[in-house]
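Below, each chain spelled out in residue letters.
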Amino acid sequence: MKDCIFCKILSGEIPSKKVFEDDLCYAFYDLDPQAPTHFLVIPKEHIASAAEVTDNNSAIVGHCFAAIAKIARELGLESYRVVSNCGEQAGQSVFHLHFHVLAGRDMTWPPG
Ligand code: DGP
């Protein structure tokens, strides 16, 4: 989608540090890491947020989680947090569905 930063990353218009890629999803390191390991997993299909997931496109969410598990195994991550901010009040700043994967430090709960 025009004007979507993550669609521009997918097209190569904006460079990124790739972690993993397949036909349906792409994973890359976050520009502003919040943990020693912090990467994002995004569907290649433009979906604005978790609020836009429907019965018709929800298979991609499972696919992203399978990719996360695979990447975590390959990186040797034993413990990690998966976060998807949905909406501005929840901290979403890029409106292309993405899953943050954070690891390498103690995490607190509840999140801020
Ligand atoms: P959120 O605030 O939950 O929508 O997360 C968006 C994340 O995307 C945020 O942690 C910073 C990251 N980000 C924004 N622009 C870029 C970029 O151009 N490259 C990379 N690698 N990450 C970006």
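Look up a bit, the structure's there.
No experiment lies behind these values; they were computed from the predicted model shown.

### Quick notes on unusual backbone geometry
Omega for the peptide link from tryptophan 109 to proline 110 comes to 5°, which places this bond in the cis form. With respect to the helices and strands, the residue proline 110 is situated in the segment after strand E5 (99-103). Of note in the backbone geometry, aspartate 3 takes a positive phi value of approximately 70° without being a glycine. Relative to the elements of secondary structure, aspartate 3 occurs in the segment before helix H1 (5-11). When its relative accessible area of 59% is taken as the criterion, aspartate 3 is described as exposed.

### Description of helix H2 (residues 59-75)
With 17 residues, H2 extends 24 Å from end C-alpha to end C-alpha; this agrees with the ideal 24 Å at 1.5 Å per step. Taken as a whole, H2 has its buried residues at Ile60, Cys64, Ala67, Ile68, Ile71 and Ala72. Buried residues along H2 cover an arc of 135° about the axis, so they all sit on one side. Relative to its buried face, H2 has exposed residues pointing more than 90 degrees away, namely Ala59 and Arg73. Here the buried face of H2 lies against strand E1 (18-21), strand E2 (25-29), strand E3 (37-43), strand E4 (81-83) and E5. After H2 finishes, the residue glycine 76 shows a positive phi value of roughly 75°.

### Let's talk about the site of the ligand
Taken together, the neighbourhood of the ligand is formed by 16 residues, with Asp30, Asn85, Gly91, Ser93 and His100 sitting nearest. Contacts to the ligand include aspartate 30, whose side-chain N or O atom sits 2.5 Å from an oxygen atom. With respect to the ligand, the backbone of glycine 91 contributes an N or O atom lying 2.9 Å from an oxygen atom. Relative to its unbound accessible area of 510 Å², the ligand is 84% covered by the protein chains. Mapped by element, the contributors of at least two residues to the shell around the ligand are H1 and E2. Sort the elements by how many residues they give to the shell around the ligand and H1 lands first, with three residues. A class-by-class count of the residues in the shell around the ligand yields nine nonpolar, six polar and one charged.

Reading the values: the criteria
Counting restarts for each chain, with residues numbered from 1 along the sequence as it is written. Under the rules for a predicted model, residues below a pLDDT of 70 receive no local features and side-chain atom pairs below 80 are neither given nor counted, while totals for whole chains, interfaces and linings still include all residues. Only hydrogens and water are set aside when side-chain values are computed; all heavy atoms of the structure are taken into account. A helix here means a DSSP run of H or I that spans at least four residues, while a strand means a run of E at least two residues long, and both kinds are numbered starting from the N terminus. Buried means the residue's accessible area, taken with a 1.4 Å probe over protein chains only, is under 20% of the maximum for its type, while exposed means over 50%, and partly exposed covers the values in between. One less than the residue count of a helix, multiplied by 1.5 Å, gives the span that helix is expected to have. Working note: the arc is built from the helix axis to C-beta atom directions. Residue contacts are counted whenever heavy atoms from the two residues lie within 4.5 Å of one another. Here a residue counts as near a molecule or strand whenever at least one of its heavy atoms sits within 4 Å of it. In protein, a polar contact requires one atom able to donate a hydrogen and another able to accept it; more generally it is a pair of N or O atoms within 3.5 Å, and residues adjacent in sequence count only if both atoms are side-chain atoms. Note on areas: Shrake-Rupley with a 1.4 Å probe; residue coverage comes only from the protein chains shown. Side-chain classes follow a simple rule in which Ala, Val, Leu, Ile, Met, Phe, Trp, Tyr, Cys and Pro form the nonpolar group, Asp, Glu, Lys and Arg form the charged group, and the remainder, Gly included, forms the polar group.

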